Amino acid sequence: MKKFTTITAFFLAAVLLLTFGCPVRAEGDQEPFEITVQYGSEPLSIDPNAEIGNDVITMNCHMWESLYKRGEGNKLEPGMAESVDISDDKMTYTFHLRDGIKWSDGEPVTAKQFEYSWKRLVTGGYDYSSFLDNVVNALDIRTKGADVDTLGIEAPDDKTFIVHLTSPIPYFLEICAYGVTVPMRQDIIEEHGDDWSLSPETFISNGAYKLDEWVNQEKLVMVKNPEYYEKDKIGPDKITWLFMDDDNASLAAFESGTVMFTSHFPSEEIQRLKDAGFFQTQPQIGTYYLQIESSEKGVPELQIPKVRRALSLAIDRKYIVDNITKGGEIPADGYLPYGFTDSKGDNYKKNSKLWWDLDDYEASKEEAKKLMDEAGFPDGKGFPVIRYMVNNGSNHQAIAEYIQDCWKNVLGVNASIEAQEWGVFLDTRAHGDYQLARAGWTVDFHDPDGLMNLFVSHDGNNDSHWSNADYDKLIGESKVEPDPDKRLELFHQAEDIMMEQGACIPLYYYVDKYLLDTTKYEGFFSDVDGSHFQYLRKIEK
């Protein structure tokens, strides 16, 4: 992979500084409070129903708002809805919209626009189309072509939106705060088609910000929405998002003052950045893993469960987090991460089966060799070269190179590494045009279902195309099981199937890592729906 040199990176940062300027003004000063951040790469789409990837999810949580939202201080609170009535059986939610809520063009926000959006989401074949599977008839509409008008939602008037669920789910209000469930403008989408989201003139949103400019492969600019009902609580008047794939360039932009925030930087710089007080972390519930293409496009040898488990056991996860990522990540001992609890507050992992001993890598290597022998490939004889795909980024490349060495030295298996730009990478992976690829997911709500859904056969986010009927059955049962502890037991059983069959190769559990000078700024937070800058304030000295 071609990399910028340090000189090139700082030159780029200098150019960006002249182009975009630095953050200015605290609240109360004469000049507008404008910030520039680096969070990700060029998005494939900023259509909320079609969003995928943390970068787009983060951008959209500033421009769009659903029935609920993450408010100041990271509190889950009413958004477009002023209040909600929940039935005693917790299967019917009646939302009452606020008075006077408007789109960025001044048109009123109505319940019918939520109805249109939710039906569009269920029928659109989007990555998040399964997000509403707990709504009555949503699954049949999505997978069997049932009439969309049977979806369990109602908009009896402009101010009332009613949702009927198939079973109580503890995280439903979190779903109602997520980007894909926002209202949508049917009139604009039908008039402009797929191009509606490409221009500030037609990208009409209802959140704290509105789209001001989008320069391909360079930047996206949003400005405060004057029609937003809580505009006076919003901090920055303008947010510019720079698109960068190169970690060195991102770091140089931060250190030159071109950006006040970045989530991309070389891991070898972490200790220096910690010492300087810029390196920050927040807890994050998610898993970094390798996925294997499991459809007919996949490599036959990689479909053998013993091969998959051998490839997994040959990797020293502690080495990865201690020597490559170095940001406080937790080495994975299974698929689901820490952070989920049962009804007593005990961690989900307490009763999880551990699939390798993190403290005995030598034993894992021996087991890996044994499994590879049993699969018919002793010392890698007769095994094809694995094509290992990553998106651009120094950590992904370094992890791939380390795993490449592990497989060669432990199993005699060779792998080639292919790096792709983010948008191309997502498209390649979604279409199954790969053999093995880097993957990662953080939950969209605080429940294991947010990660387990990724391997359900009909889920739009199942880019591995792995399928197992017993697994699907267990996840289906979990969606209608009212007892929280019985639900967790179903997840345990499903995870065991995943790991036994080698559905994926978990490497570590995430933390959210970023650079921010917390002596200058306050009010930033991140959660399941992305990173939030809308409540940022500049600290007065």
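Keep in mind the model is a prediction, meaning the values are calculated, not measured.

## Description of the sheet that holds strand β7 (residues 160–164)
Then step 1. Pairing in this open sheet of four strands is antiparallel, and the strands run β4-β5-β7-β6 from one edge to the other. Looking at which strands have only one partner, the edges of the open sheet turn out to be β4 (81–86) and β6 (153–157). Across the sheet, the mean angle from the axis of one strand to that of its neighbour is 20°, orientation sign disregarded.
Then step 2. Bridge count between β6 and β7: three bridges; the pairing is antiparallel.

## Overview of the packing of aromatic side chains
Then step 1. Counting across every chain of the model gives 39 aromatic pairs.
Then step 2. With centroids separated by 4.7 Å and ring planes inclined at 55°, the aromatic side chains of Y228 and Y229 adopt a geometry described as tilted.
Then step 3. You can call Y229 partly exposed: its relative accessible area is 26%.
Then step 4. Members of the aromatic cluster, joined through ring pairs, are Y39, W241, F261, Y514, F524 and F533.
Then step 5. The ring of W356 has R317 sitting right over it, with the charged end atom 3.8 Å from the ring centre.

## Examining the packing of helix α10 (residues 317–325) against helix α12 (residues 394–411)
Then step 1. Packing of α10 against α12 brings their axes to within 11 Å, and their N-to-C directions diverge by 135°. Looking at the two axes, α10 sits oblique to α12. Judged by the sense of rotation from one axis to the other, the crossing of α10 with α12 is right-handed. Contact residues: Y319, I320, I324 and T325 in α10; N395, A398, I399 and Y402 in α12.
Then step 2. Residue classes in the contact of α10 with α12 are distributed as six nonpolar, two polar and no charged.

## Remarks on the pairing of strand β3 (residues 75–78)
Then step 1. Inspection of the sheet shows strand β2 (residues 68–71) paired to β3 by four bridges, in the antiparallel sense. Across the sheet, residue Y68 finds its bridge partner in β3, namely P78.
Then step 2. What sits between the antiparallel neighbours β2 and β3 is a turn of three residues, in which G73 has the positive phi angle 80°.

## With respect to the state of the cysteines
Put plainly, two cysteines are in a disulfide when a covalent bond ties their sulfur atoms together.
Then step 1. Counting across every chain of the model gives zero disulfides.
Then step 2. Residue C176 stays outside any disulfide, its sulfur separated by 17 Å from that of C61, the closest cysteine.
Then step 3. A residue is classified by how much of its surface remains accessible, and C176, at 0% relative accessible area, is buried.

Procedures and definitions
- Positions within a chain are numbered from 1, following the residues in the order the chain's sequence is written.
- At least 70 in pLDDT is required for a residue's local features to be given in this predicted model, at least 80 for side-chain atom pairs to be given and counted, and no such filter applies to totals for whole chains, interfaces and linings, which use all residues.
- Hydrogens and waters are ignored; side-chain quantities use all the structure's heavy atoms.
- Strand pairing is assigned whenever DSSP detects at least two bridges linking the two strands.
- Here a helix means four or more residues in a row that DSSP labels H or I, a strand means two or more in a row labelled E, and each is numbered from the N terminus.
- Each axis is a line fitted through C-alpha atoms, taken for helices only over the stretch in contact, and angles between the N-to-C directions span 0 to 180 degrees.
- Two rings from Phe, Tyr or Trp (for Trp, the six-membered ring) form a pair when their centres are within 6.5 Å of each other. A pair whose planes differ by under 30 degrees is stacked, one over 60 is edge-to-face, and the rest are tilted.
- Only protein chains enter the calculation, and the probe is 1.4 Å; a residue is then buried if its accessible area is under 20% of its type maximum, exposed if over 50%, and partly exposed in between.
- Remark: a charge is flagged as sitting over a ring if the NZ atom of Lys or the CZ atom of Arg is within 6 Å of the ring centre and within 35 degrees of the ring normal.
- Roughly parallel means an angle under 35 degrees; roughly antiparallel means over 145; roughly perpendicular covers 65 to 115; every other angle is labelled oblique.
- By definition, turning the near helix anticlockwise from the far helix through less than a right angle yields a left-handed crossing, and turning it clockwise yields a right-handed one.
- What makes two residues a contact is simply this: any of their non-hydrogen atoms within 4.5 Å.
- Any residue outside Ala, Val, Leu, Ile, Met, Phe, Trp, Tyr, Cys, Pro, Asp, Glu, Lys and Arg is labelled polar, Gly included; the first ten of those are nonpolar and the last four are charged.
- The term disulfide is used for any two cysteine sulfur atoms that are within 2.5 Å.

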